[in-house]
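Notes for the structure review
Below are the chains, spelled out letter by letter.
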Amino acid sequence: MAEFSIQKIIVRFQAALASHENWYLALLGAIREWSVAEEETDGACYRYLIAGEALDLAQISERLLKASHNLIPEQEKYDLLFRGHPPIALTPEELRELLGEEKYKQHLNFFYGITVEEALQEVTAEEVRKEERGVRVRTDAWITGEVFLRIYGKTQPELTGYFRAEKDSVTNSVSLVEMKEFSYWLFKFRLAHSDPEKSASDTKKALGWLKGQGEYVSKHLPAATLSK
């Protein structure tokens with residue numbers, strides 16, 4: 001049934017493209033209709049909804065754009081998927097209207113819970129490197145450990161253990177999907193255990209860092225959100 005639903009959405013999306021509708025608006029309309037949390041197709045596994053709350057717009061977009069044949073310019077597809085640059089700029093209100101309230105909230109969960117959380121780790125790592133420059137050689141593992149202590153107050157192995165215990169998982173392998181799930185889990189952990197002022201300051205710092213990344217590879221369609 002899910003496969004049939006996806007196929008119907010793809011057929012409607014292709015029909016919109018063939019009718020020369022704006023492909024990006026047609027894409028968002030197809031995402032609004034999307035109701036599948038995960039899927040395996042052509043040997044690839046797609047997880048569209050992380051932790052049942054965070055919608056990965058880039059994954060759905062990639063899936064739909066693969067079915068667009070030659071109806072969309074390759075450069076525009078590349079700019080969207082790999083640079084986070086849609087062909088038209090939308091305000092947050094316009095994006096909310098096109099995606100629908102539920103999908104828009106899930107998109108924000110992904111943006112703040114994964115994109116921004118990973119950005120916070122990056123900017124904190126930059127701060128640590130600057131502080132340690134000229135003092136002694138630090139390994140990447142040491143820097144990562146310091147980043148986790150500063151942001152979350154616990155070591156990365158401790159937090160990974162808590163995360164996997166909650167999932168009842170004992171695997172040592174880390175997939176891209178699990179990395180996203182872990183980032184989202186860290187976001188919720190930080191909000192629950194950090195001082196509210198520090199948490200807000202950290203989020204603001206991460207957003208500032210993201211806005212400063214001219215060639216920021218997002219894969220999360222954040223353009224409308226970043227304009228807030």
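Conventions we followed
- Residues numbered from 1 in each chain as written.
- Predicted model: local features only at pLDDT ≥ 70, side-chain atom pairs only at ≥ 80, totals over all residues.
- Heavy atoms only, no water.
- Helix = DSSP H or I, 4+ residues; strand = E, 2+ residues; numbered from the N terminus.
- Buried < 20%, exposed > 50% of the residue type's maximum accessible area, 1.4 Å probe, protein only.
- Contact = heavy atoms within 4.5 Å.
- Areas by Shrake-Rupley, 256 points an atom, 1.4 Å probe, with all protein chains shown as cover.
- Axes fitted to C-alpha atoms, helices over the stretch in contact; angles between N-to-C directions.
- Parallel < 35°, antiparallel > 145°, perpendicular 65-115°, else oblique.
- Left-handed = near helix turned anticlockwise from the far one by under 90°.
- Nonpolar A, V, L, I, M, F, W, Y, C, P; charged D, E, K, R; others polar.
- Phe/Tyr/Trp six-rings, centres within 6.5 Å; stacked < 30°, edge-to-face > 60°.
- Expected span 1.5 Å × (residues − 1).

Our focus in this paragraph is the overall build of the chain. Along the backbone of the chain there are 11 helices and 4 strands. Within the chain, the proportion of its 228 residues that are buried is 44%. Counted over contacts in the chain with a minimum sequence separation of 6, partners at least 24 positions apart contribute 65%. Per element, the accessible surface of the chain, about 12500 Å² overall, is 53% carbon and sulfur.

Let us look at the packing of helix H2 (residues 23-33) against helix H3 (residues 57-66). The N-to-C vectors of H2 and H3 enclose an angle of 115°; their axes lie 10 Å apart at closest approach. Taken together, H2 and H3 sit at an angle that is classed as roughly perpendicular. The chirality of how H2 crosses H3 is right-handed. Counting all contacts with H2, which are made through Trp23, Leu27, Ala30 and Ile31, the residues of H3 involved are Leu57, Ile60, Ser61, Leu64 and Leu65. Residue composition of the contact of H2 with H3, grouped by class: 8 nonpolar, 1 polar and no charged.

The bulk of non-glycine residues show a negative phi, and the bulk of peptide bonds are trans. Of note in the backbone geometry, His20 takes a positive phi value of approximately 65° without being a glycine. By secondary structure assignment, the location of His20 is in the loop between helix H1 (2-18) and H2. You can call His20 exposed: its relative accessible area is 74%. One non-glycine residue, His69, adopts positive backbone phi at about 55°. By the secondary structure assignment, His69 is in the loop between H3 and helix H4 (74-83).

The next point concerns the packing of aromatic side chains. Evaluated as defined, the whole model comprises 12 aromatic pairs. Taking the centre distance of 5.1 Å and the plane angle of 45° together, the rings of Phe163 and Phe182 count as tilted. Separated by 19 residues along the polypeptide, Phe163 in helix H8 (residues 156-167) and Phe182 in helix H9 (residues 176-193) bring together distant segments of the chain. You can call Phe182 buried: its relative accessible area is 13%. An aromatic cluster is built from Phe148, Tyr152, Phe163, Phe182, Trp185 and Phe189, whose rings are joined through pairwise contacts.

Contact pair H2 / helix H5 (residues 92-99): the axes reach a minimum separation of 8 Å and the direction vectors enclose 55°. As summarised for this structure, H2 and H5 are arranged oblique, according to the angle between their axes. Residues Leu25, Leu28, Ile31 and Arg32 of H2 form the contact with H5, whose own contacting residues are Leu95, Glu97, Leu98 and Leu99. Of the residues contributing to the contact of H2 with H5, the split by class is 6 nonpolar, no polar and 2 charged.

With that settled, consider H9. In this model, H9 (18 residues) spans 26 Å end to end at C-alpha, consistent with the 26 Å of a helix rising 1.5 Å per residue. For H9, every residue scored as buried is listed here: Val177, Glu178, Lys180, Glu181, Phe182, Ser183, Tyr184, Trp185, Leu186, Phe187, Phe189 and Arg190.

Everything listed here is a matter of coordinates, which is why it stays silent on function.
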